[in-house]
Amino acid sequence: MRALLLVLLIIPALSFAQAVSQVSVEKNAEGQISNVSIKGSGFGVKAVPIFYDQAGTTYEKGVANSYFNSFLPDRMITQQDTMGSTSSPWSNSYGSLYIRNDPAIVRGPATGKYYNGLGVKVNLQNPRVHPRAGTPQESKKVYISWWFRQQNETRNYFQFELSSIDPEFNPKEGDEFTVNAGEHWSGVTTIYGRVIAYYPATKILHANYYGQYNTNRLTGNRLTLNVSNKSATLAVNTRGPGSNKYLRVWESDGTDGTFRSSWTNTEVYQADLRSVQRSNVLPREWNHMEYFADQNKKYIKTKVNGVVDAEGYYTLASDIAGHSPTIGLIGQDSTQTEMHQEIWMDDIYMDGSFKRVVLGNAPKYADVTHQEVQFFTSWTDTEIKFSPYYGSLDRKLPAYIYIFSEDDVPNSEGIAFESPPKMD
């Protein structure tokens, strides 16, 4: 079945000259929208996205690569599978990494497979279609979007050796506790936290201490488990959070004078730009991560769940002719090797432009709290085509189209295309 929906829209004036005159949709036999066409003017012309990895099928400049589709959930991705095979969309991988599809973990009913990594050093490296070794068409920009989930918070993760331990003190993962921190100028006398692991033989406790980024108010104080009211003293801090890298963006070999940027749990840096920012990546939830770099403007920005996380400019030369910024590493790369961690990744999207199409969950962009980047199949100055991908959007609510400019500015009013909205 094929249906045509015509919508005349007036788009408020923005910092880019785009106008939408018509939205048409195609529906499949089940009545679901399979394709969307947006017609108008001022969209500009751009190629399809450079790289889009859905953890199974990967699109390399629009061409599907199904190399990982045959990997079963218990088949670990090895370096032989990546570095040793030119069919792999990634040039390398590290750590215990799998492709899985557990309904308890997937982002949404239609998102399918995802990457699952066990440990603190587990990642994918260097997409073959856009390698660090050089690109046929140099791009001065890179936009990277992916969904990321981590089991344990990394910003306030500390290990302590305990003393004066109550009998039957037996903390389990997920147990919550309080720490009597004493008087303080802030007025906060109680610190809350969550157990990650406990080793009775060594008396070492791994835990998160909410809001604490050093041990000043922890060492020497009593920790009490909520579930049993049993206590122990936080005697000696044996490990701190360390640096946990989510993303490395490089061109060439990352030596001096090349573009070499990283995003960690505590900062974003590139050349002489150091933005100290404890990124608000929520544990045990899917987070939408976005990274922007513009070599012409010497500009870097990151977002977590649609909120600007870090932003700034660098001044030092960081550009090698014939090379483009690309994903050097994505996943997790931690300096704290004893940390307990598990990660998940999905829908890794990379392009050499900030222009993109997203579906948002509100009719005004200012009210959007959840957005899904779309893999468009055609983008001309007068028409954009894509097949809607709802990800984990709430399908009890309508979705709206937002078109971002090269300056990362969307239309303020969402473009409606579901009539009526699909209610699953």
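Residues numbered from 1 in each chain as written. Predicted model: local features only at pLDDT ≥ 70, side-chain atom pairs only at ≥ 80, totals over all residues. Heavy atoms only, no water.

Caption draft 1: Spatial organisation of the packing of aromatic side chains. Evaluated as defined, the whole model comprises 25 aromatic pairs. Between Tyr365 and Tyr402, the aromatic rings sit 5.2 Å apart at their centres with planes inclined by 65°, giving edge-to-face as the arrangement. Of this pair, Tyr365 sits in the loop between β24 (356–360) and β25 (371–373) while Tyr402 is found in strand β28 (residues 400–404), placing the two residues 37 residues apart along the sequence. As far as burial versus exposure is concerned, Tyr365 and Tyr402 are alike and both buried. Ring geometry for Tyr365 versus Phe404: centroids 5.6 Å apart, planes at 85°, classification edge-to-face. Of the two residues, Tyr365 is situated in the loop between β24 and β25 and Phe404 in strand β28; the sequence distance between them amounts to 39 residues. Joined through ring pairs, the aromatic side chains of Tyr52, Tyr59, Tyr143, Phe292, Tyr349, Phe354 and Phe375 make up one cluster. Sitting over the ring of Trp344, Arg149 keeps its end group 5.1 Å from the ring centre. Of note, Arg248 hangs over the ring of Trp250, and the distance from its end group to the ring centre comes to 4.8 Å. (Phe/Tyr/Trp six-rings, centres within 6.5 Å; stacked < 30°, edge-to-face > 60°. Helix = DSSP H or I, 4+ residues; strand = E, 2+ residues; numbered from the N terminus. Buried < 20%, exposed > 50% of the residue type's maximum accessible area, 1.4 Å probe, protein only. Lys NZ or Arg CZ within 6 Å of the ring centre and 35° of its normal.)

Caption draft 2: Quick peek at the sheet that holds β28. Taken in spatial order, the four strands of this open sheet run β25-β24-β28-β29, and their pairing is antiparallel. The open sheet terminates on both sides in strands that have one partner only, identified here as β25 and β29 (415–416). (Pairing = 2+ DSSP bridges.)

Caption draft 3: Examining the side chain of Arg217 more closely. The topology assignment puts Arg217 in the loop between β12 (204–209) and β13 (222–225). Of the side chains with opposite charge, Glu183 lies nearest to the buried Arg217, which makes no salt bridge, at 7.7 Å. In terms of polar contacts, Arg217 uses its side chain to reach the backbone carbonyl oxygen of Val188, at 2.7 Å. With near-sequence residues (within four places) excluded, Arg217 lies in contact with Val179, Ala181, Gly182, Glu183, His184, Ser186, Val188, Thr189, Ile191 and Gln212. (Lys, Arg positive; Asp, Glu negative; His and termini not counted. Salt bridge = Lys/Arg side-chain N within 4 Å of Asp/Glu carboxyl O. Polar contact = N/O pair within 3.5 Å; in protein donor to acceptor, adjacent residues only side chain to side chain. Contact = heavy atoms within 4.5 Å.)

Caption draft 4: Quick peek at the pattern of salt bridges. Under the definition given, this model contains 21 salt bridges. For Glu406, the salt bridge is made with Lys141, and the minimal N-O distance between the two is 3.1 Å. Of this pair, Glu406 sits in the loop between β28 and β29 while Lys141 sits in strand β8 (residues 141–150), and the two are 265 residues apart along the sequence. Between Glu338 and Arg239 there is a salt bridge; the shortest N-O distance is 3.5 Å. Here Glu338 is found in the loop between β22 (326–334) and β23 (342–351), whereas its partner Arg239 is found in strand β14 (residues 231–239), with 99 residues between them in sequence. One network of salt bridges, with partners in common, ties together Glu290, Lys301, Lys303, Arg356 and Asp408.

Caption draft 5: Fine view of empty space enclosed by the protein. One pass over the full model with this rule turns up two cavities of 30 Å³ or more. Forming the boundary of the largest cavity are Tyr52, Arg107, Ser145, Trp147, His288, Asp347, Tyr349, Glu372, Val373 and Tyr389. Residue assignment for the lining of the largest cavity shows that the elements contributing at least two residues are β8, β23 and β25. Considered class by class, the residues forming the lining of the largest cavity number five nonpolar, two polar and three charged. (1 Å grid on protein atoms, 1.4 Å probe; cavity = no way out; pocket = protein on both sides within 12 Å on 5 of 7 lines; lining within 4 Å. Points joined across faces, edges and corners; volume = space filled by probe spheres on them. Nonpolar A, V, L, I, M, F, W, Y, C, P; charged D, E, K, R; others polar.)

Caption draft 6: Region of the structure containing the pairing of strand β2 (residues 33–41). Here strand β1 (residues 19–27) runs beside β2; their pairing, made up of eight bridges, is antiparallel. Opposite Glu26, over in β2, you have Asn35 as the bridge partner. The antiparallel pairing of β1 with β2 creates a hairpin that spans five residues between the two strands, and Gly31 there sits at a positive phi of about 85°. As defined by bridge partners, β2 adjoins strand β27 (residues 383–386) across four bridges and the pair is classed as antiparallel. Looking across to β27, one finds that Ser37 is bridged to Lys385.

Caption draft 7: Highlighting the layout of surface pockets. Space inside the second largest pocket adds up to approximately 310 Å³. Surrounding the second largest pocket, 15 residues form its lining, Ala47, Ile50, Lys61, Gln137 and Asp351 being those nearest its centre. Its residues assigned to classes, the lining of the second largest pocket shows five nonpolar, six polar and four charged.

Caption draft 8: Layout of the pairing of β22. Buried residues dominate β22, accounting for nine of its nine residues. Where strand β15 (residues 244–250) lies against β22, six bridges are found, and the strand directions are antiparallel. Bridge pairing in β22 places Lys245 opposite Asp333.

Caption draft 9: Molecular detail of the environment of Glu290. Mapping Glu290 onto the fold places it in strand β19 (residues 287–294). Note on Glu290: relative accessible area 1%, which makes it buried. Through-space distance from the C-alpha of Glu290 to that of Asn214 is 28 Å; in sequence the pair is 76 residues apart. Non-local contacts of Glu290, meaning those with residues more than four positions away in its chain, are made with Tyr143, Ile144, Ser145, Trp263, Lys301, Thr302, Lys303, Gly306 and Arg356.

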